[in-house]
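For reference, the chains in residue letters:
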Amino acid sequence: VTYSGDYADIITQGKEAELRHIHENLYAKKGQGSDFLGWLDWTSGLSEDFLNQLKTAAERIRKQADVLIVIGIGGSYLGAKAVIEALQPHFEKNPEFEVLFAGHQVSGSYLKQLMNYIEDKEVALNVISKSGTTTEPALAFRFLQKYMEDRYGNEAASRIYVTTDAEKGALLSLAKEKGYNRFVVPSDIGGRYSVFTSVGLLPIAAAGFDTEQLVNGAHAAEKELQAFDVHDNPAIRYAAVRHDLYEKGYTNEVLATFEPKLSFVQEWWKQLFGESEGKDHKGIFPISVVYTTDLHSLGQYIQDGKRNLLESFLVVDEVDEDLTVFEAENDADQLNYLAGTSLHDFNLVAYKGVSEAHLSGGVSQIGIHMKKLDEYHLGYLLYFYMLSCAYSAYLLDINPFNQPGVEDYKTAIFRLLKKPGY
Ligand code: PA5
């Protein structure tokens, strides 16, 4: 994690003591929301048995189906979506086996078209909801469960995989009653911190990606980022810089990347930080952009609009596939000056140029570098963000693990829909 300002200025004695206090409470599992710190050392406790069980289920799903529909919203879908989008090819995503998502919005046309699309494909469902009562996935499941029962009859149950709490919720009762395959969301891990549990790992394994490497990356992060080193621990550095800038009035963070495959990692990050920090009228508002696309839209605002923005760049240092600009005979497009430059090199230069320009426009810069876009480094990155988010929220004196604010809109909708009890 790099910073355009002077990091040493941020780490006063008082700040270091505050961070130490947060660190000690975090690892002693004390403090606000500490009942939801299961994710902190989750990968250390993962058994081979558990991973094998998930792998076996994923293989079974791939054998019985051409399409897995993952039904969930918020933390119950964004982790898997982020990892799958980051790793799958841009085109021909996976002609033999697809993972599709539902229940992350309420759209009749989406569900109708989805049911048409799967008509001549073999289908399995993974419905994910920790509470087991969230309306959007429950609604999608009502339609898709009927679809499965109409189409597969008694065989439907063997094609439905339910990931929910071990002890409570409407989805659990239904799964028990119908004899669906069951996976557990640990009670001490909230949705947006659950990507390394069955919530994320089952769909990711079914999509054909290496969950062991993903977990290995997260485990390496868990071990390495445990050190209390205010200067070198990137999770602490990122939280400390954000907090300092927030206190100086930078209340919006733009997460920028030049890698389009990371756009759902950005969505996951927005949910993680937005839902964890945005409470008690505090917190940085998370926004995301993909460059260079958005340099031709939001770039203008970032350079020149209201000055309350900080910008963090998520940079992939090495790429697997690239193209190098060649010399054209007549140079009609006047691009010969780029001959010999690869498109990745172009982006690295663009990163430098954009960050210089935005800095001169008053936008402070944070750089977050990941070596490669693969399972291991993604696992590392996601754990890094979760840990840093906990530090960040605690620096604001906020419980990172609840989301009381999302109840208000639900109550209003339920009242308008005349749900019994509202
Ligand atoms: O991060 C969270 O806790 C939330 O975003 C939840 O994941 C989301 O509201 C879905 O909840 P549930 O899994 O209970 O359906």
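Just so we're clear, the structure is a prediction, and the values are computed from it rather than from any experiment.

## Details of the overall build of the protein
Okay, so step 1: If you tally the helices and strands in the protein, you get 15 helices and ten strands.
Okay, so step 2: In terms of overall dimensions, the protein is globule-like: its C-alpha atoms have a radius of gyration of 23 Å, near the 22 Å expected for 422 residues.
Okay, so step 3: In terms of overall dimensions, the protein has a C-alpha envelope of 65 × 65 × 45 Å along the principal axes.
Okay, so step 4: In the protein, buried positions account for 40% of the 422 residues.
Okay, so step 5: Here the contacts in the protein between residues at least 6 apart in sequence split such that 78% fall between residues at least 24 apart.

## So, the pairing of strand β4 (residues 123-128)
Okay, so step 1: For β4, the tally of buried residues reaches six of six residues, placing the bulk of the element in the interior.
Okay, so step 2: Of the two faces of β4, the one holding Val123, Leu125 and Val127 and the one holding Ala124, Asn126 and Ile128 are both buried throughout.
Okay, so step 3: Pairing geometry for strand β2 (residues 67-71) and β4, over five bridges, is parallel. In the strand pairing of β4, isoleucine 69 is matched with leucine 125.
Okay, so step 4: Note that β4 and strand β5 (residues 160-164) share four bridges and pair parallel. Following the sheet pairing, leucine 125 is matched in β5 by isoleucine 160.
Okay, so step 5: One crossover worth recording links β4 to the parallel β5 by way of helix α6 (residues 135-152), and it is right-handed.

## A look at the sheet that holds β5
Okay, so step 1: Spatially, the five strands line up as an open sheet ordered β3-β2-β4-β5-β6, and their pairing is parallel. Edge positions in the sheet fall to β3 (98-102) and β6 (181-184), since each has one partner strand and no second. Put simply, the sheet's adjacent strands are angled 20° from each other on average, direction ignored.
Okay, so step 2: Two elements, β2 and β3, share five bridges in a ladder whose sense is parallel. Its bridge partner being in β3, isoleucine 69 is matched across the sheet by leucine 100.
Okay, so step 3: Lying on the sheet, helix α7 (residues 170-178) is in contact with β4, β5 and β6; it crosses β5 at an angle near 145°.

## Digging into the UniProt feature "active site" (unreviewed entry) in the protein
Okay, so step 1: Under the UniProt annotation, the feature "active site" (unreviewed entry) is placed at Glu275 and Lys410.
Okay, so step 2: Considering the arrangement of structural elements, one finds glutamate 275 in helix α11 (residues 263-277).
Okay, so step 3: Residue classification places glutamate 275 among the buried residues on the basis of 23 C-beta atoms within 10 Å.
Okay, so step 4: Once you skip the residues sitting within four places of it in the chain, glutamate 275 turns out to touch Arg192 and Gln403.

## Thoughts on helix α4 (residues 78-87)
Okay, so step 1: Of all ten residues in α4, eight are buried; the element is thus mostly enclosed.
Okay, so step 2: Of all the positions in α4, only Leu78, Gly79, Ala80, Lys81, Ala82, Val83, Ile84 and Ala86 are classed as buried.
Okay, so step 3: The secondary structure elements touched by the buried residues of α4 are β2, β3, α8 (198-206), α9 (211-224), α11 and α14 (375-395).

## Notes on the sheet that holds strand β7 (residues 252-257)
Okay, so step 1: The five strands are arranged β1-β10-β9-β7-β8 in an open sheet whose pairing can be described as mixed. Two strands in the sheet have a free side with no partner beyond their single neighbour: β1 (2-3) and β8 (285-290).
Okay, so step 2: One ladder, built from seven bridges, connects strand β9 (residues 309-316) with strand β10 (residues 364-370); its direction is parallel. Each bridged residue has a counterpart across the sheet, and for leucine 314 the counterpart in β10 is isoleucine 368.

## A closer look at the pairing of β9
Okay, so step 1: By the criterion of burial, β9 is predominantly enclosed, with seven of the eight residues buried.
Okay, so step 2: As paired elements, β7 and β9 share six bridges and run parallel to each other. Counterpart to alanine 256 in the pairing with β9 is phenylalanine 313.

## Here we look at the environment of asparagine 399
Okay, so step 1: In this fold, asparagine 399 is placed in the loop between α14 and α15 (406-416).
Okay, so step 2: With 365 residues separating them along the chain, asparagine 399 and serine 34 place their C-alpha atoms 8.7 Å apart.
Okay, so step 3: Residues within four places of asparagine 399 in sequence aside, it is in contact with Gln32 and Gly33.

## Points about the packing of α4 against α11
Okay, so step 1: Running from amino to carboxyl end, α4 crosses α11 at an angle of 155°, the nearest separation of the two axes being 7 Å. The orientation of α4 relative to α11 falls into the category roughly antiparallel. Our pair here, α4 against α11, has a crossing hand that is left-handed. Of the residues in α11, those in contact with Leu78, Gly79, Lys81, Ala82, Glu85 and Ala86 of α4 are Ser263, Phe264, Val265, Glu267, Trp268 and Gln271.
Okay, so step 2: In the contact of α4 with α11, the residues fall into six nonpolar, three polar and three charged.

Parameters and conventions
Residue numbers run consecutively from 1 along every chain, following the written order of its sequence. It should be noted that, the model being predicted, local features are given only for residues of pLDDT at least 70 and side-chain atom pairs only at 80 or more, the latter also being counted only at that level, while totals for whole chains, interfaces and linings use all residues. Counting from the N terminus, the helices are the DSSP runs of H or I reaching at least four residues and the strands are the DSSP runs of E reaching at least two. For the radius of gyration, the atoms used are the C-alpha atoms, and the globule rule reads 2.2 Å times the number of residues raised to 0.38. Exposure in this text rests on C-beta crowding, where 20 or more other C-beta atoms within 10 Å of a residue's own make it buried, 12 or fewer make it exposed, and counts in between make it partly exposed. The C-beta atoms are placed from the backbone. What counts as a contact here is a pair of residues whose C-beta atoms, placed from the backbone, lie within 7 Å. Strand pairing is assigned whenever DSSP detects at least two bridges linking the two strands. By convention, a crossover is right-handed whenever its connection, traced from the first strand over the helix to the second and viewed with the strands pointing away, goes clockwise. In this analysis, axes come from line fits to C-alpha atoms, helices being fitted only over the stretch in contact, and the angle between any two N-to-C directions falls in the range 0 to 180 degrees. UniProt positions are given in the numbering used here, feature names are shortened, and annotations may be inferred rather than shown by experiment. Under this scheme an angle from 65 to 115 degrees is roughly perpendicular, one under 35 degrees roughly parallel, and one over 145 degrees roughly antiparallel; angles in between are oblique. The sense of a crossing depends on the near helix, which, turned anticlockwise from the far helix by less than a right angle, makes the crossing left-handed and, turned clockwise, makes it right-handed. Note on residue classes: Ala, Val, Leu, Ile, Met, Phe, Trp, Tyr, Cys and Pro are nonpolar, Asp, Glu, Lys and Arg are charged, and everything else, Gly too, is polar.

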